[in-house]
Amino acid sequence: MTLVKCSECGASVSSAAVACPKCGAPPPAVHAATGGALTTTQQTSKRLKLHLAGAFLLTLASAVALVMQTRAQPEEARGVPVLWIAGAVGGIAWLVWTKLRIWWHHA
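Rules used in this analysis
Residues numbered from 1 in each chain as written. Predicted model: local features only at pLDDT ≥ 70, side-chain atom pairs only at ≥ 80, totals over all residues. Heavy atoms only, no water. Helix = DSSP H or I, 4+ residues; strand = E, 2+ residues; numbered from the N terminus. Expected span 1.5 Å × (residues − 1). Buried < 20%, exposed > 50% of the residue type's maximum accessible area, 1.4 Å probe, protein only. Contact = heavy atoms within 4.5 Å. Patch = residues over 30% accessible without salt bridge, like charges linked within 9 Å, V, L, I, M, F, W, Y side chains within 5 Å. Areas by Shrake-Rupley, 256 points an atom, 1.4 Å probe, with all protein chains shown as cover. Salt bridge = Lys/Arg side-chain N within 4 Å of Asp/Glu carboxyl O. Core = buried A, V, L, I, M, F, W, Y, C linked by side-chain atoms within 4.5 Å.

Next up on the list: helix α2 (residues 46–72). Taking 1.5 Å per residue as the helical rise, α2 with its 27 residues ought to reach 39 Å, and the 38 Å between its terminal C-alpha atoms agrees with that figure. All of the buried residues along α2 are Leu 48, Leu 52, Gly 54, Ala 55, Thr 59, Ser 62 and Ala 65. Those residues of α2 that are buried are in contact with α3 (82–106).

Okay, α3 next. Between its terminal C-alpha atoms α3 stretches 36 Å, which fits the 36 Å expected from 25 residues at 1.5 Å a residue. Along α3, the positions that sit buried rather than exposed are Gly 87, Ala 88, Gly 91, Thr 98 and Ile 102. The elements touched by buried residues of α3 are α2.

Moving on to a nonpolar patch on the surface. Among the surface-exposed residues, Ile 92, Val 96, Trp 97, Leu 100, Trp 103 and Trp 104 lie close enough to one another that they form a single nonpolar patch of about 750 Å² accessible area. Looking at the element boundaries, Val 96 is found in helix α3.

The nonpolar side chains of a soluble globular protein tend to be buried, and buried together. Of all hydrophobic cores here, the largest spans five residues; its members are Cys 6, Ala 11, Val 13, Cys 20 and Ala 25. In contact with Ala 11, not counting residues within four places along its chain, are Val 4, Lys 5, Cys 6, Cys 20 and Lys 22.

Take a look at the structure:
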């Protein structure tokens, strides 16, 4: 086990290390073996990313509407804002379900 110089930042890195502790770059041996820089491939599909964005926006919009409705009405005239609560709970459930689908897809 020897110390080698990181090709990215110049820090001393153990030859047994998986990555540079300073910048995270692969050690020179891995860099040379692959013939160039390593890249990470994104595995989450665009469809699942759109589901995450939709679930987040539904939850956020429902929460904001719930707060605005309860502040706009006098306290004695307030009813239970079932629509906004259902939207927030539905958005959270959608978000959890999509996260589980992503986890299952990558497992």
